[in-house]
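Fold and geometry: a report
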Amino acid sequence: MKKYFLRMPKWMLALVIGLGLLTSALQAQVPIYRLTLKDSSTVDVFANPRVGPHQYFYLPTKLRLATQSNGDPQFSFLAYSPDDNEEVSGAIMHLLVLWGLSFEEEQQATVNLRSRYDSLGVVSGAAMVEPDSGKAYGIWAKGDGRLADLLNKSLTNAGSVPNSPGAKWAASFRFADAEAREMQKAMVQPSNFKQVNLSFYFQVQGLGKYELCRNFSQLIPAKK
């Protein structure tokens, strides 16, 4: 079978490349406004004129532990041993996290937006995002990386990074022997994880790459 190839004229190729560069430049120039909520946390928003005038959408924010209907965090850490009198020989950890604003927080963001940047602006929900195809999540350390390395090594299962507010990301870890005892000791104080971070990596429609990060010490509930 004879194959035919279309050769693009140089002027057309230059036009396509130019349009691509223009699109990238426009995305880079999209203004992002940082708003403050009542709890002193911040959220970044940007306008999407394709949707309508004064319509703003927030970037992924407020990465946190999911909670049950009674308010208890969806987190568990269980250390075990073959016998009650023997030292810990293993441990398992499960957690569920999510991101996004509540309806009330979206209203707070709109009030802040109108008072500071756009008197007619409205925060109309979350931006359209997709997990980055190259790397969707990461557990990393700033400083001492021992616990981050241990978490990465012991990660046995992780779900898909959620692309919408309220959807949950599940992760499971299994520790053995000395590493289980090390993790059990670290769990006594969440602040022991202050060098460890959890990041989600997104592609934001109309904007580009975006990273949502939370310190791991804020994802471990304090013991009651």
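Scroll up a little and you will see the structure.
Throughout this description, residue numbers start from 1 for each chain and increase along the sequence as written. Local features in this predicted model are restricted to residues of pLDDT 70 or higher, and side-chain atom pairs are both shown and tallied only at a pLDDT of 80 or more, whereas totals for entire chains, interfaces and linings draw on every residue. Side-chain descriptors were evaluated using all non-hydrogen atoms of the structure, hydrogens and water having been removed beforehand.

The next point concerns helix 4 (residues 177-186). Relative accessibility under 20% of the residue-type maximum defines a buried residue, over 50% an exposed one, and the middle range a partly exposed one, all with a 1.4 Å probe and only protein chains included. Comment: elements are numbered from the N terminus, with helices defined as DSSP H or I runs of at least four residues and strands as E runs of at least two. All of the buried residues along helix 4 are Glu179, Ala180, Met183 and Ala186. Each buried residue of helix 4 lies within a common arc of 125 degrees when the element is viewed along its axis, so the set occupies one face. In this description, contact between two residues means that some pair of their heavy atoms is separated by no more than 4.5 Å. Tucked into the core, helix 4 has its buried residues touching strand 5 (75-80), strand 6 (90-98), helix 3 (146-154) and strand 11 (169-176). Each C-beta atom gives one direction from the helix axis, and the arc is the one those directions make.

Each axis is a line fitted through C-alpha atoms, taken for helices only over the stretch in contact, and angles between the N-to-C directions span 0 to 180 degrees. Relative to each other, helix 3 and helix 4 sit at 125 degrees, their axes nearing to 11 Å. Between helix 3 and helix 4, the crossing angle belongs to the class labelled oblique. When the axes of helix 3 and helix 4 are compared, the crossing they make is left-handed. Across the interface between the two elements, Arg146, Leu147, Leu150, Leu151, Lys153 and Ser154 from helix 3 touch Glu179, Glu182, Met183 and Ala186 from helix 4. Within the contact of helix 3 with helix 4, the residues separate by chemical class into five nonpolar, one polar and four charged. Any angle between 65 and 115 degrees counts as roughly perpendicular, while under 35 counts as roughly parallel, over 145 as roughly antiparallel, and the rest as oblique. Put simply, a crossing is left-handed when the front helix is turned counterclockwise from the back one by less than a right angle, and right-handed when it is turned clockwise. Each residue is assigned to one class: nonpolar for Ala, Val, Leu, Ile, Met, Phe, Trp, Tyr, Cys and Pro, charged for Asp, Glu, Lys and Arg, and polar for all the others, Gly among them.

With that out of the way, let us pick up the sheet that holds strand 2 (residues 42-47). Consider a sheet: its strands pair through backbone hydrogen bonds, and that pairing is either parallel or antiparallel. In this description, strands pair whenever DSSP reports at least two bridges between them. Within the open sheet, the four strands sit side by side as 1-2-3-7. Their pairing is mixed. Edge positions in the open sheet fall to strand 1 (32-36) and strand 7 (122-126), since each of these has one partner strand only. Pairwise comparison of adjacent strand axes, ignoring direction, gives a mean angle of 40 degrees for this sheet. Examined bridge by bridge, strand 3 (residues 55-58) and strand 7 share three bridges and lie parallel to one another.

Next up on the list: the packing of aromatic side chains. Stacked, edge-to-face and tilted labels apply to pairs of Phe, Tyr and Trp rings (six-membered ring for Trp) whose centres lie within 6.5 Å, assigned for plane angles under 30 degrees, over 60, and everything in between, in that order. Tallied over the entire structure, the rule returns nine aromatic pairs. Here Phe193 and Phe216 contribute two aromatic rings whose centre-to-centre distance is 6.0 Å and whose plane-to-plane angle is 35 degrees, an arrangement assigned as tilted. Highlighted residues: Phe193 in the loop between helix 4 and strand 12 (196-204) and Phe216 in the segment after strand 13 (208-215), separated in sequence by 23 residues. When its relative accessible area of 0% is taken as the criterion, Phe193 is described as buried. Residue classification places Phe216 among the buried positions, given a relative accessible area of 2%. Members of the aromatic cluster, connected to one another through ring pairs, are Trp99, Tyr137, Trp169, Phe200 and Phe202.

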